[in-house]
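If you want the building blocks of each chain, they are given just below.
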Amino acid sequence: MAQTTAETIVGEETVRNTWTSAVLGGVSGGLAFGVLLQTMGMMPAIASLYGAESAAVGWVAHLFHSVMFGLVFAAVVVRTDYRDADLRTTAVLGAGYGVALWAVAAAVVMPLWMGAMGLDAPAIPNLDVASLAGHLVYGLVLGAVFVTLRRR
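Residues numbered from 1 in each chain as written. Predicted model: local features only at pLDDT ≥ 70, side-chain atom pairs only at ≥ 80, totals over all residues. Heavy atoms only, no water.

Caption draft 1: Fine view of the packing of aromatic side chains. For the coordinates displayed, the defined rule picks out 3 aromatic pairs. Between Tyr50 and Trp113, the ring centres sit 5.3 Å apart and the planes meet at 75°, which makes this aromatic pair edge-to-face. Of this pair, Tyr50 sits in the loop between α2 (43-48) and α3 (55-78) while Trp113 sits in helix α4 (residues 87-116), placing them 63 residues apart in sequence. Between the aromatic rings of Phe73 and Phe146, the centroid separation amounts to 6.0 Å while the plane-to-plane angle is 80°, which identifies the pairing as edge-to-face. In this pair, Phe73 sits in helix α3 while Phe146 sits in helix α5 (residues 129-150), placing the two residues 73 residues apart along the sequence. In textbook terms, an aromatic cluster arises when at least three aromatic residues are bridged by ring pairs, as seen for Phe73, Tyr97 and Phe146. (Phe/Tyr/Trp six-rings, centres within 6.5 Å; stacked < 30°, edge-to-face > 60°. Helix = DSSP H or I, 4+ residues; strand = E, 2+ residues; numbered from the N terminus.)

Below, the structure is given as structure tokens:
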């Protein structure tokens, strides 16, 4: 059975709202985590992944990563039984996602990437506690903002 125009419009608005919420959640989490990275002087290290040295390039790269990871989070959540979860549950899912990002992206991928760029890379795995805290904050904010905006 074909969808009516009204059903199609509602479906398109829901999809658009989901992805917009994911982008804004990613940016919000990225800003919260970015403040920690900035105070630790880590933005130039992020910029170095792209052959640059400036904190501004580090911010752009960090926020780009934050949005991309936010979109992945949303794609996973909306395809699971958690698609209609409440704020607390989604924030906790986000925090868990932040830990997973830390364990994979920060602890393994980033040192490998730095080494491939010929940079002084930390040991693998890079189990930095401050990085873990930042990724937890990122995920918590991502999950909370995503579910809050998605329900509007």
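Caption draft 2: Seen up close, the side chain of Thr90. Considering the arrangement of structural elements, one finds Thr90 in helix α4. The class for Thr90 is buried, based on a relative accessible area of 1%. For Thr90, the side chain forms a polar contact with the main-chain oxygen of Asp86, separated by 2.9 Å. Leaving out residues up to four positions away in the same chain, Thr90 has contacts with Phe73, Ala85, Gly143, Phe146 and Val147. (Buried < 20%, exposed > 50% of the residue type's maximum accessible area, 1.4 Å probe, protein only. Polar contact = N/O pair within 3.5 Å; in protein donor to acceptor, adjacent residues only side chain to side chain. Contact = heavy atoms within 4.5 Å.)

Caption draft 3: A look at a nonpolar patch on the surface. Together, Tyr50, Val57, Phe64 and Met68 give the surface a local cluster of nonpolar side chains, amounting to about 350 Å² of exposed area. Given the relative accessible area of 41%, Tyr50 is considered partly exposed. (Patch = residues over 30% accessible without salt bridge, like charges linked within 9 Å, V, L, I, M, F, W, Y side chains within 5 Å. Areas by Shrake-Rupley, 256 points an atom, 1.4 Å probe, with all protein chains shown as cover. Salt bridge = Lys/Arg side-chain N within 4 Å of Asp/Glu carboxyl O.)

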